[in-house]
Amino acid sequence: MGLVLPPIEAYQVQHLPLVKAYADKIGLVEVINQVVPTEMDVDPGTIVLGMILDTLSGRSPLYRLEKFFTHQDTALLLGKAVAPEVFNDDTVGRVLERLYDVGTMKIFTACAVRADQVYGLDKRYVHFDTTSISVYGDYLPPEGQPGQQEQAVPFTITHGYSKDKRPDLKQFVFSTLCVDRAVPLWGKPEDGNASDKTVNNTVLSDIATFLAKHGVAPGAYIYVADAALVTEDNLAALGDTLFISRLPATYNACGRLITEAVAHNTWEDVGVLAHTKPTKHRPVTSYKAYEGEVTLYGTPYRAVVVHSSAQDKRRQQRLARDIQTSSSTMQTTARAAEQQEYFCRADADAAAARLRAVSAAYHRLEVAVEERLVYGRGRPSAHKPRPITARRYRLKTAISPQTERMARMEEEAGCFVLLTNVPTAGELAHSARDILTVYKEQHGTEQNYGFLKDPVIVNSLFLKKPERIEALGLILLLALLLWRLMERTMRTYVDTTRTPLPGWDKKATERPTAFMMITKFAGVIVFKCGHDRQLARPLSGVQQQYLSALDVPATCFTLPTG
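Treat the numbers as computed from the prediction; the structure is a model and nothing was measured.

**Examining helix 7 (residues 104-119)**
Part 1 of the argument: The first and last C-alpha atoms of helix 7 sit 22 Å apart over 16 residues, in line with the 22 Å expected at 1.5 Å per residue.
Part 2 of the argument: For helix 7, the complete set of buried residues consists of Thr104, Met105, Ile107, Phe108, Thr109, Cys111, Ala112, Val113, Ala115, Asp116 and Tyr119.
Part 3 of the argument: One or two positions beyond helix 7, positive phi appears at Gly120, with a value near 55°.

**Describing the pairing of strand 16 (residues 526-529)**
Part 1 of the argument: Burial along strand 16 is one-sided: Val526 and Lys528 are buried, while Phe527 and Cys529, pointing the other way, are not.
Part 2 of the argument: Relative to strand 16, strand 1 (residues 8-11) runs antiparallel, the two being bridged by four bridges. Considered in strand 16, the bridge of Ile8 is made with Cys529.
Part 3 of the argument: Across four bridges, strand 16 lies against strand 17 (residues 532-535) in antiparallel orientation. Its bridge partner being in strand 17, Phe527 is matched across the sheet by Gln534.

**Quick notes on the sheet that holds strand 11 (residues 363-375)**
Part 1 of the argument: A sheet is described by the order of its strands in space; here three strands give the open sequence 10-12-11, paired in antiparallel fashion. The strands lining the two open edges of the sheet, one partner per strand, are strand 10 (341-342) and strand 11.
Part 2 of the argument: Pairing analysis gives two bridges linking strand 10 to strand 12 (residues 388-401), with the strands arranged antiparallel. Within the sheet, the bridge partner assigned to Tyr342 lies in strand 12 and is Tyr393.

**Regarding the nonpolar core**
Part 1 of the argument: Counting residues in hydrophobic clusters, the biggest one holds 118 residues, and the most contacted among them are Leu18, Ile52, Leu99, Tyr223 and Phe557.
Part 2 of the argument: If you tally residues by element for this core, the top one is helix 17 (residues 466-497), at 15 residues.
Part 3 of the argument: Among the nonpolar cores identified, the runner-up in size contains 19 residues, and Tyr125, Ile244, Leu273 and Val304 belong to it.

Procedures and definitions
Residues numbered from 1 in each chain as written. Predicted model: local features only at pLDDT ≥ 70, side-chain atom pairs only at ≥ 80, totals over all residues. Heavy atoms only, no water. Helix = DSSP H or I, 4+ residues; strand = E, 2+ residues; numbered from the N terminus. Expected span 1.5 Å × (residues − 1). Buried < 20%, exposed > 50% of the residue type's maximum accessible area, 1.4 Å probe, protein only. Pairing = 2+ DSSP bridges. Core = buried A, V, L, I, M, F, W, Y, C linked by side-chain atoms within 4.5 Å.

In structure tokens, the structure reads:
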């Protein structure tokens, strides 16, 4: 009888074993199983890990999840062999409801605390921001049974201010707190019509208690948020908490400070803050700063006026429109005045004076009185001058731009104001450059929303229960947590070793991204024969470099762990 060999199976694992390795580093499955007890055949930690892997594979976490694992090596990716049928919609739905019952923030906080313990996240700066996520469907409020109280919902899906420019769709608002290279520590869905100003106020009331769970003492961190933070109630709620925000242009003090900075022209050169090299389509941006002070609601604050060489494109376009409007208005006024004829010089001089008094924001009108002689009828004599019968007067105008004012306004259009109470001396002292550097890290938090709102992920928000949507938000946050931890580790490696990694177009980069990393492992295939696994082809030098930067062994592709 011949020897029967087990069948050989091939799996295109790509970068997913790396995600599994990072889930193992923070003990994600174990933490969830400790916090979420259940009597299900498959533990909730494994279900959550499966949803995270599907999310980071480029699909939606609830759409055809069972089919996704039909073509995956579950023993390698989940730490144990799991039948694809386990990930049917009913099981996944029950797990989502169980996550909600236990408390999504309780679960995420437990995972974030473990990540903090493993990686020692820098929590000196806490960045807050919100985004709106549009959903499709009616999303009617739940109907209770007769005689029962109205069912409470975690948040209301309704119309509100759409940051996606989709006011026709209902939405909910998602808020996050991030630290150290945009790693999320907290996140929560809010009502669809929730205001950023109100959400800020709610977060401020709980942030000290929340950060205490991460070992951060009051006064040992700086709260960073966008301009929605600056309201009377929020500034009062901040109390002694150090913060950095942007002073809204709707405050008169903002324009006054910018005008003052441009007029004084005593800028402090900040220079270039970007870590990446400039390109043809993305030239280098340099900054300069001016220190000022502003009093809001009876309290004095530091105000740092920042000028960017890149300038604000919207403000530049608005300035160009204003200049064009000024020119058109002045031309219309001048043409009308030039068509008028006067019979006496006094009337013409008076009209010229009135025209000179016409104000224009960006143009200057010069007016002169021209005399026109009216001669008698008939052929003039060759020996006598033509007889003058009358004198008429017209206005001659010339429009010239106020170049100095235009230049000043153009410079002002490139300015914005940062508001803070961070001191200039002492242990937590920050210079104007430091203030700007910290605020620019807010962009990392905003980039997270590009991840959370990826169309192939958000399409899964067809769920009709807000409870399940909140639990799905937990899955997205956990996926984002692993995603950012991987990116943070790579950038720390580059900064520590001074060794750039291969980026786009085979060019070295000092700012590797998680998306850049997954493209390097797009063709990784694993052959499985029985319990043995082997790569279809050896890892390339570029892949080995990324494994070193991620601090993950190559055996993650061939040896199951868990």
